[in-house]
Amino acid sequence: LCHDNPYTYLGVMEYIRWLRDRQDGIGYDGFRYDAVKYYDSWIVQSIQEWQKCFGVVEYWDGDKGAIKGYFDYVRWSCSAFDFPLFYALREMCNNPSYDMRRLWGSGLNTDVPMHSVSFCDNHDTDRSQPIVTDKLLAYAYILTHEGVPCIFWKDYYNYGLALPNSANGIDKLCQIHRDYAGGETKLLYCDDRLYIAQRNGYQTQKGLLAVINTDPSSWRGVWVQTQWPNTPLTCAAWWGHDQHKPFDQRTDGGGWVPLYAAPRGYAVYVP
């Protein structure tokens, strides 16, 4: 479409109004903008600044700087699918030699978290370059960290990763995200195999501790200093190549506590 043509532009904007209208239209909450590299950015900015709704662009690029450059063009009026983070998570899951010290800061979610829509696969990547190994590690990351996480429907319905009525899948991680994953994220520990981060909490969401272990054969853990002194910590969600539940813990007077996760597994502790 030639959005520069006034008749086309007005027709598109009337359609946008109808899509958003809850009285005589459909009443959508926001928009996904497909393949935005291939049309002028001003039309996205125009729609977003008019409607002031949630919008996410598919700017398919692994370069954070390129995506943030697009945000400059649209005056930061929308979010973007976090492709840089996706590529890091895919390496973490698929590559047994991945160094976990590369994970922190890999995505938009650590730079501009309010503009990051994180994901573990979508209808395009599923066909060409999917995460094929231990994908729940990636979901444990996006559902405990900042950004707006996006669940791929095939992972939930076709590939058996929902695991409802258990502590071991997407369903439980979604509950954790809703009830606990508030506030800023702080990296507490990281080495080549073990990663531990804290969500500080916000209002009714009390925060959490996320542990990811990519060691293929051994439980891994370490003492970390949390923000919660003398506090019981419940391991509310876990998964790994060893299905035993990690022990619940209690912090000491300085907030220090040992946290563990199973081989190729994760554990999410909540206060």
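See above for the structure.
Cut-offs used in this document
Residues numbered from 1 in each chain as written. Predicted model: local features only at pLDDT ≥ 70, side-chain atom pairs only at ≥ 80, totals over all residues. Heavy atoms only, no water. Helix = DSSP H or I, 4+ residues; strand = E, 2+ residues; numbered from the N terminus. Rg over C-alpha atoms; globule rule 2.2 N^0.38 Å. Buried < 20%, exposed > 50% of the residue type's maximum accessible area, 1.4 Å probe, protein only. Contact = heavy atoms within 4.5 Å. Areas by Shrake-Rupley, 256 points an atom, 1.4 Å probe, with all protein chains shown as cover. Core = buried A, V, L, I, M, F, W, Y, C linked by side-chain atoms within 4.5 Å. Pairing = 2+ DSSP bridges. Expected span 1.5 Å × (residues − 1). Polar contact = N/O pair within 3.5 Å; in protein donor to acceptor, adjacent residues only side chain to side chain. Salt bridge = Lys/Arg side-chain N within 4 Å of Asp/Glu carboxyl O. Axes fitted to C-alpha atoms, helices over the stretch in contact; angles between N-to-C directions.

A separate point is the overall build of the protein chain. Looking only at helices and strands, the protein chain has 9 helices and 13 strands in total. Expected size for 271 residues packed as a compact globule is a radius of gyration near 18 Å; at 20 Å, the protein chain falls within 12% of this value. Along the three orthogonal principal directions, the C-alpha set of the protein chain runs to about 65 × 40 × 35 Å. Considering the protein chain as a whole, with its 271 residues, one finds that 52% of them fall into the buried category. Contacts spanning at least 24 positions in sequence make up 62% of the contacts within the protein chain whose residues lie at least 6 apart. A total accessible area of about 12,800 Å² is found for the protein chain, and carbon and sulfur atoms account for 52% of it.

With 41 residues, the main nonpolar core has M92, L103, Y139 and Y266 as its most contacted residues. Taken together, the elements giving at least two residues each to this core come down to α4 (83–94), β4 (116–119), α7 (135–142), α9 (170–180), β7 (194–199), β8 (208–213), β10 (232–239) and β13 (265–270). Ignoring sequence-local partners within four residues, the contact set of L103 consists of A88, L89, M92, Y98, Y141 and Y195. Counting 21 residues, the second-largest nonpolar core is a separate cluster that includes M13, I67, Y70 and L108.

In this section: the sheet that holds β10. Strand order in the open sheet formed by 6 strands is β6-β7-β8-β13-β10-β11, and the pairing between neighbours is antiparallel. Here the strands that pair on one side only, and so sit at the sheet edges, are β6 (185–190) and β11 (249–250). Where β10 meets β13, 5 bridges bridge the pair, whose relative direction is antiparallel. The residue bridging W239 from the neighbouring strand is Y266, located in β13.

Count 3.6 residues to each turn of an α-helix, and residues three or four apart come out pointing the same way. Compared with the 16 Å implied by 1.5 Å per residue over 12 residues, the 16 Å span of α4 between its first and last C-alpha is a close match. Where burial is concerned, most of α4 is hidden: 9 out of the 12 residues are buried. Within α4, burial applies to F83, P84, L85, F86, A88, L89, R90, M92 and C93. N-cap assignment for α4: the residue whose side-chain oxygen lies 3.2 Å from the backbone N of L85 is D82.

Along the chain, the position of S166 falls in the loop between α8 (153–157) and α9. From its side chain, S166 meets the backbone oxygen of L163 in a polar contact 2.8 Å long.

Let's shift gears to the pattern of salt bridges. If the charged atoms of two oppositely charged side chains come close together, the side chains can form a pair. For the structure on display, the rule yields 19 salt bridges. One salt bridge connects R17 with E14, and the closest N-O pair in it is separated by 2.8 Å. With a gap of 3 residues between them, R17 and E14 both fall in helix α1 (residues 6–20), about one helical turn apart. Residue K64 is joined to D111 by a salt bridge in which the shortest nitrogen-to-oxygen separation is 3.0 Å. Of the two residues, K64 sits in helix α3 (residues 64–73) while D111 sits in helix α5 (residues 108–111), which places them 47 residues apart along the sequence.

Within the open sheet, the 5 strands sit side by side as β1-β2-β3-β4-β5. Their pairing is parallel. This sheet does not close on itself; its edge strands, each paired only once, are β1 (30–33) and β5 (148–150). Taken pair by pair, the neighbouring strands of this sheet meet at an average axis angle of 25°, ignoring direction. In this structure, β4 lies alongside β5, joined through 3 bridges in parallel fashion. From the neighbouring strand, S118 faces β5, where its bridge partner is P149.

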